[in-house]
Amino acid sequence: MRQYLEEARGMDRNDPLGVYRDQFTPLEAGMIYLDGNSLGRLTKSTIGHMERLLREEWGGRLIRSWNESWYHKATELGDKIARIAGASPGEIIVADNTSINLFKLAFGALKWNEGRTGIVSDTLNFPSDIYILQGLVHQFGEDYHLDLAPSGDGISVSLETLNSVISDQTALVALSHVIFKSSFMYDMEKVTEIAHEKGALMLWDLSHSIGSVPITLNKLNVDLAVGCTYKYLNGGPGAPAFLYVRKDLQERLLSPIWGWFGQHMPFEFSLRYEPAEGIQRFLSGTPPILSMAAVEPAVSMLLDAGIELLREKSIQQSNFLIKLAEKYLFANEFKLGSPSDFRKRGSHVSLKHPEAYRICKALIDPDTGDGQIIPDFREPDNIRLGLTPLYTTFEDVFKAIQQMHMIVKEKYYMNYSVERSSIT
Ligand SMILES: *Cc1c(COP(=O)(O)O)cnc(C)c1O
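Procedures and definitions
- Residues numbered from 1 in each chain as written.
- Predicted model: local features only at pLDDT ≥ 70, side-chain atom pairs only at ≥ 80, totals over all residues.
- Heavy atoms only, no water.
- Disulfide = S-S within 2.5 Å.
- Buried < 20%, exposed > 50% of the residue type's maximum accessible area, 1.4 Å probe, protein only.
- Salt bridge = Lys/Arg side-chain N within 4 Å of Asp/Glu carboxyl O.
- Helix = DSSP H or I, 4+ residues; strand = E, 2+ residues; numbered from the N terminus.
- Pairing = 2+ DSSP bridges.
- Contact = heavy atoms within 4.5 Å.
- Axes fitted to C-alpha atoms, helices over the stretch in contact; angles between N-to-C directions.
- Polar contact = N/O pair within 3.5 Å; in protein donor to acceptor, adjacent residues only side chain to side chain.
- Phe/Tyr/Trp six-rings, centres within 6.5 Å; stacked < 30°, edge-to-face > 60°.
- Near = heavy atom within 4 Å.
- Areas by Shrake-Rupley, 256 points an atom, 1.4 Å probe, with all protein chains shown as cover.
- Nonpolar A, V, L, I, M, F, W, Y, C, P; charged D, E, K, R; others polar.
- Parallel < 35°, antiparallel > 145°, perpendicular 65-115°, else oblique.
- Left-handed = near helix turned anticlockwise from the far one by under 90°.

Side note on the state of the cysteines
Per the counting criterion, the structure on display carries zero disulfides. With no disulfide of its own, Cys228 has Cys360 as its nearest cysteine by sulfur position, at a separation of 20 Å. Judged by its relative accessible area of 1%, Cys228 falls in the buried class.

Looking at the pattern of salt bridges
A complete count under the given rule lists 26 salt bridges for this structure. Here Glu7 makes a salt bridge to Lys323, at a shortest N to O gap of 3.1 Å. Remark: Lys323 occurs in helix 10 (residues 307-328) and Glu7 occurs in helix 1 (residues 2-13); sequence separation between them is 316 residues. Taking relative accessible area as the criterion, Glu7 reaches 30% and is therefore assigned partly exposed. Here Asp248 ties to Arg246 by a salt bridge, and the two come within 2.6 Å at their closest N and O atoms. One continuous salt-bridge network, built from bridges that share partners, spans Asp223, Arg246, Asp248 and Arg252.

Quick word on the sheet that holds strand 13 (residues 382-386)
Two orientations exist for strands paired in a sheet by backbone hydrogen bonds: parallel and antiparallel. If you trace the four strands from one edge of the open sheet to the other, you get 9-10-13-12, paired in antiparallel fashion. Edge strands, defined here as strands with exactly one partner in the open sheet, are strand 9 (335-336) and strand 12 (376-378). Lying over the sheet, helix 10 contacts strand 9, strand 10 (348-352) and strand 13, oriented at roughly 15 degrees with respect to strand 10.

Quick look at unusual backbone geometry
As a rule of thumb, non-glycine residues mostly have phi less than zero, and peptide bonds are mostly trans rather than cis. The step from Glu379 to Pro380 runs through a cis peptide bond, and the omega angle for that step is -5 degrees. With respect to the secondary-structure elements, Pro380 resides in the loop between strand 12 and strand 13. A positive phi is found at Lys411, a non-glycine position, where the angle reads about 50 degrees. In this structure, Lys411 sits in the segment after helix 12 (394-409). Of the residues examined, Lys411 reaches a relative accessible area of 48% and is grouped as partly exposed.

As for the side chain of Ser207
Along the chain, Ser207 turns up in the loop between strand 6 (201-205) and strand 7 (224-227). Overall, the relative accessible area of 7% leaves Ser207 in the buried class. Among the polar contacts listed, one links the side chain of Ser207 to the side chain of Asp205, at a separation of 2.7 Å. For Ser207, the side chain forms a polar contact with the main-chain nitrogen of Cys228, separated by 3.4 Å. Excluding residues within four positions of it along the chain, Ser207 makes contact with Thr98, Val226, Gly227, Cys228 and Lys231.

Structural notes on the packing of aromatic side chains
Per the stated rule, a full pass over the model turns up 20 aromatic pairs. Pairing Trp66 with Phe261 gives two aromatic rings, centres 6.0 Å apart and planes at 55 degrees, and the pair type is tilted. Linking Trp66 in helix 3 (residues 65-70) with Phe261 in the loop between strand 8 (241-245) and helix 9 (289-305), this pair joins segments that are 195 residues apart in sequence. Judged by its relative accessible area of 22%, Trp66 falls in the partly exposed class. Counting every residue linked through ring pairs, the aromatic cluster contains Trp66, Trp70, Tyr71, Trp260, Phe261, Phe267 and Phe269.

Digging into the sheet that holds strand 8
One open sheet holds the seven strands; their spatial order is 2-8-7-6-5-3-4, and the pairing between them is mixed. The two strands at the open ends of the sheet, each matched to only one other strand, are strand 2 (92-95) and strand 4 (145-149). On average, each strand axis in the sheet is inclined to that of its neighbour by 20 degrees, with strand direction left out of account. In the packing of helix 4 (residues 73-85) onto the sheet, the strands contacted are strand 2 and strand 8, and the crossing angle to strand 2 comes to about 125 degrees.

Some details on the site of the ligand
Around the ligand, the structure places Asn97, Thr98, Ser99, Phe126, Asp129, Ser176, Asp205, Ser207, His208, Tyr230 and Lys231. In the environment of the ligand, an oxygen atom lies 2.8 Å from a nitrogen or oxygen atom belonging to the side chain of His208. Considering the ligand on its own, with 390 Å² of exposed area, one finds that the protein chains cover 89% of that surface. Partitioned by chemical class, the residues of the shell around the ligand number two nonpolar, six polar and three charged.

Structural notes on the packing of helix 11 (residues 356-364) against helix 12
In the contact formed by helix 11 and helix 12, the axes pass within 10 Å of each other and the chain directions differ by 120 degrees. Taken together, helix 11 and helix 12 sit at an angle that is classed as oblique. For the pair helix 11 and helix 12, the crossing hand works out as right-handed. Contacts between helix 11 and helix 12 involve Ile359, Ala362 and Leu363 from the first element and Ala400, Gln403, Met404, Ile407 and Val408 from the second. Grouping the amino acids of the contact of helix 11 with helix 12 by side-chain chemistry returns seven nonpolar, one polar and no charged.

Considering the side chain of Ser121
On the secondary structure map, Ser121 appears in strand 3 (residues 118-122). Reaching out from Ser121, the side chain makes a polar contact with the backbone oxygen of Ala174 at a distance of 2.8 Å. In this structure, Ser121 is in contact with Ile130, Leu133, Leu146, Asp147, Leu148, Ala149, Ala174 and Leu175, ignoring residues within four places of it in sequence.

If you want it as structure tokens, here you go:
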């Protein structure tokens, strides 16, 4: 295995993004974090930024800060995220969480496309997204239905299958750009085209792709999108999500939640709701200023690094990981749970094993091997390894595979219970 360790170190030495690793708060000694696709790490600059906000803006300026800097935060931060998503200023706003944003936009789409009664998604989508869509169908009434395109291999969904499920009765196609379990990445251009040909609106959930894959919403004429900021955007636990509505749709789409922050003139305190112009109408109540502030420095760092370079490194890392897995793990009952073609893959890799849960436990245990490795487990047999190019090194990837090799070879996982913890 030695030569691969050398290869990893060589790639780390030549890594133009290597400088960013030090800009994150340090991990415990010997720990390797491969779960940035679930909860991104904390940048050092976030701490100073939050401290200043707490002391000066909240502590010192109090209510005056609303005029001085808070009132437009949700749109300003949205404009920053727009630069990573290929959208224009005024098309993205930060608000609520991904589930609520999906509800707001999918509701707007059903109203906009009244007369059509179908929503299309797929069986690999994130359950919360499916629940939100089921709930909408339930509320809109008996004529409405959610149709889920099936997956042939449990990893991906083919364009042909999708095409056969979308019909001229489909109001909305709502899919995740990158699938949370398998990392399968849809061809955003082709799918958006199919939806449009049939007269449906297209909504993409970018939660697992924003900040790791270049996205060009405007160029592909995408109608709607949502996404979260605590994964590759490193915005912190429960950080607010974002939503995108293409400019020309904004005046024609209504939010189902008519709150004062989405009102045309909230401080007139009029008793009649009139939606704000533009993206602002998709706000409901007071935005979470503190949580939003934590997203800001992290997004700036991503912009500084450049999404193209990040994607390039992420592809190199996932290819390297899969190469090592083929050499050392596939003979030991492991299987690839992600597409082997990097063009169809996001920035995490799933490895399947019948003992995946206990292998994860062994990886996380600091007493196994040389240190602690943090991936995550997704039912029934997936170990997800998140590659976050701002801070993951090639040596991290090497060590993770080496450790997994040891754990299965020595059947070390037998020391752990199959009992599930509440969060895996
Ligand atoms: C992480 C994730 C979410 C998170 O939803 P919240 O409502 O913000 O908790 C939603 N959808 C997808 C596809 C995700 O990956």
